[in-house]
Structures are given as C-alpha cells and as structure tokens.
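Summary of the model geometry
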Amino acid sequence: MKITLAKIGRRFNREWIFKNIDYTFEKGKSYAILGINGSGKSTLLQVISGSLSQSTGEINYILDDKNIETDAVFNYLALSAPYLELIEEFTLTEVLSFHFEFKKRLNSINNQELIALLNMESSKNKQIKYFSSGMKQRVKLALAFCSDTPILLLDEPTSNLDEEGIAWYHSLVSKFTNNRLVIVCSNQAHEYSFCQEQIRISDFK
Ligand SMILES: Nc1ncnc2c1ncn2[C@@H]1O[C@H](COP(=O)(O)OP(=O)(O)OP(=O)(O)O)[C@@H](O)[C@H]1O
C-alpha cells in the first residue's frame, strides 16, 4: 500500500489547519504525525483515512499497482482513535465478533486468543459500558492491531493507559505491525518512538 498526498490542505471555515502537504507513505514503514494539541493531527489522519475531505490537493492510494478509490479505502485500514466509540451495550465477546464481521482477522486470531491477549478472561461477558476507560482503550487497540489490513492508523494510542498498558501497547507494536503502513498521531515520545519517519504539522501552516 502506498498513499501519496499532493498539495493537501484543509481548512475549517476561514482557518487553514494545514496547507501544501506533499508526502508519500510507503508499505512496511511507520510514521508519526506530531504537533501540539489542536494543531491538526487528527484532522490530517481523518483526511488520510478518507473520512474527511481535503479542501485542496489530491490523495492517491495504490495497492499492488492498482488505484483504490477514496470511498473504498476504509476496507483497507484499521483505526484506533479517541473519537471512535465501542458499542456500549455489547459484551466484550460481542464487540469482538461484531468487529470481525467487517474486517479479516490477522493471523486468523480467534476471540479466545484475543481475550487472552487482552488479559480479560473475567470480563468477556461484561458489557462495554461497565469497562474502565483504560480497558476500553485496550479493546480498541486490540481490534485495530489484530485486523488484517495493510494500513494501521493510531490516534493517541496510549490515552487512558497506565504504565503496564503502555508496555502492552509496545508489545502489540512489535507483534502486529510487520509489513504494514502504520501512522501514529501523537505528542508523546513513548507512543511513536518506534516510527522511522516524522511529520510535523507546524511545517505546513
Ligand atoms: N469539524 C470542525 N469544525 C471546525 N473546526 C474544527 C473541526 N474539527 C477540528 N477543528 C479544529 O481544527 C483544529 C485541529 O484539530 P485536531 O483535532 O485535528 O487537532 P489535534 O492536533 O489532533 O489535537 P489534539 O492533540 O488535542 O488531539 C482545532 O483548532 C480544532 O478546533
């Protein structure tokens, strides 16, 4: 998978969030989008994911030499983000089964293995609305990392995680990012230190 941004800009009303981004994201590499709160990291990630349109410029998605239309890109990506909600009425097991009706399982990982990965055996039949914020964040990360997609997008991946949760996040990075295009939006080094490339939103104001 290769994503090419050409002269990408986005504004809300009259305020430009970023302008003139020329950049190519390549398969097998990890990228960090960096910037202070409110600088436009999530906005750029949403534009890259095809869920928000750009105000100027063009994005191209190429998989195995074939062009993918923007409105089909969601089939090729997995996303974990604070603004993505889990279905609160579902139990953990139901959330896992529901998610994998739409995405392929990476390495055919089954629900039991996912629950073991999450270390949530005792919560597998509990509704998500009774989960702590850190537990919900772990579930979102496990769903994204364990989806078989060429693109993995992570917005503030360790929000609500304690030290053990951050170490667990690092273990997911080493196990499940091989050969994928990974983009992390962050302003915390422990979230993106594994990334080979950095993009600073402040360079595109
Ligand atoms: N739908 C919208 N309408 C108007 N302004 C918006 C909208 N979405 C975002 N913005 C503005 O765009 C700017 C960038 O927001 P964004 O959420 O992308 O920043 P961020 O770098 O991800 O911030 P944080 O680190 O706090 O998550 C902010 O000034 C925000 O108020």
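In this text the structure is predicted, and so the values were computed from the model without any measurement.

**Quick notes on the site of the ligand**
If you check the shell around the ligand, you find Phe12, Ile17, Gly35, Asn37, Gly38, Ser39, Gly40, Lys41, Ser42 and Thr43 and nothing else. Top contributing element to the shell around the ligand by residue count: helix α1 (residues 41-48), with three residues. Its residues assigned to classes, the shell around the ligand shows two nonpolar, seven polar and one charged.

**Things to note about the sheet that holds strand β9 (residues 197-200)**
Each strand in a sheet pairs with another by means of backbone hydrogen bonds, the pair being arranged parallel or else antiparallel. Pairing is parallel across the open sheet formed by five strands, whose spatial order is β6-β7-β8-β3-β9. Among the strands making up the open sheet, the edge pair consists of β6 (77-80) and β9. For this sheet, the mean inter-axis angle between neighbouring strands, taken without regard to orientation, is 15°. Sheet analysis places strand β3 (residues 30-34) next to strand β8 (residues 181-186), joined by five bridges and oriented parallel. Paired with Ser30 across the two strands is Val182, which belongs to β8.

**Comments concerning helix α2 (residues 92-99)**
Along α2, the residues classified as buried are Leu92, Val95, Leu96 and His99. Angularly, the buried residues of α2 cover 95° about the axis, an arc narrow enough to put them on a single face. Buried residues in α2 make contact with α3 (111-118) and α4 (133-145).

**A few points about the sheet that holds strand β5 (residues 66-68)**
With respect to topology, four strands assemble into an open sheet ordered β2-β1-β4-β5, the strand pairing being antiparallel. Each having just a single partner strand, β2 (15-26) and β5 make up the two edges of the open sheet. If you compare each strand with its neighbour and ignore which way they point, the axes differ by 30° on average. Judged from the six bridges that link them, strand β1 (residues 2-12) and strand β4 (residues 56-63) form a sheet pairing that is antiparallel. Counted as the bridge partner of Thr4 is Asn60 from β4. This element, α1, spans β1 and β2 of the sheet and lies at about 130° to β1.

**With respect to the packing of α2 against α3**
Contact geometry of α2 with α3 gives a least axis separation of 10 Å together with a crossing angle of 120°. Regarding the angle of α2 to α3, the classification is oblique. With respect to the hand of their crossing, α2 and α3 are arranged in right-handed fashion. Contacts from Leu92, Thr93, Leu96 and Ser97 of α2 reach α3 at Asn111, Leu114 and Ile115. Class assignment for the residues of the contact of α2 with α3 results in four nonpolar, three polar and no charged.

**What to know about the nonpolar core**
Ranked by size, the top nonpolar core spans 47 residues in total, and within it Tyr31, Ile33, Ala144, Leu152, Leu153, Ile183 and Val184 carry the most contacts. Counting residues per element, this core draws most heavily on α4, at seven residues. Those residues in contact with Ile33 that lie beyond four places of it in its chain are Lys41, Leu44, Leu45, Ile183, Cys185, Ile199 and Ile201.

**Side note on the packing of α4 against helix α5 (residues 163-176)**
For the pair α4 and α5, the least separation of the axes is 11 Å and the interaxial angle reads 5°. Accordingly, the angle class assigned to the pair α4 and α5 is roughly parallel. On α5, the residues touching Gly134, Arg138, Leu141 and Phe145 of α4 are Gly165, Trp168, Tyr169, Leu172 and Phe176. Tallied by class, residues from the contact of α4 with α5 come to six nonpolar, two polar and one charged.

Conventions used here
Residues numbered from 1 in each chain as written. Predicted model: local features only at pLDDT ≥ 70, side-chain atom pairs only at ≥ 80, totals over all residues. Near = placed C-beta within 6 Å. Helix = DSSP H or I, 4+ residues; strand = E, 2+ residues; numbered from the N terminus. Nonpolar A, V, L, I, M, F, W, Y, C, P; charged D, E, K, R; others polar. Pairing = 2+ DSSP bridges. Axes fitted to C-alpha atoms, helices over the stretch in contact; angles between N-to-C directions. Buried ≥ 20, exposed ≤ 12 C-beta atoms within 10 Å, placed from the backbone. Arc of directions from axis to C-beta. Contact = placed C-beta atoms within 7 Å. Parallel < 35°, antiparallel > 145°, perpendicular 65-115°, else oblique. Left-handed = near helix turned anticlockwise from the far one by under 90°. Core = buried A, V, L, I, M, F, W, Y, C linked by C-beta atoms within 7 Å.

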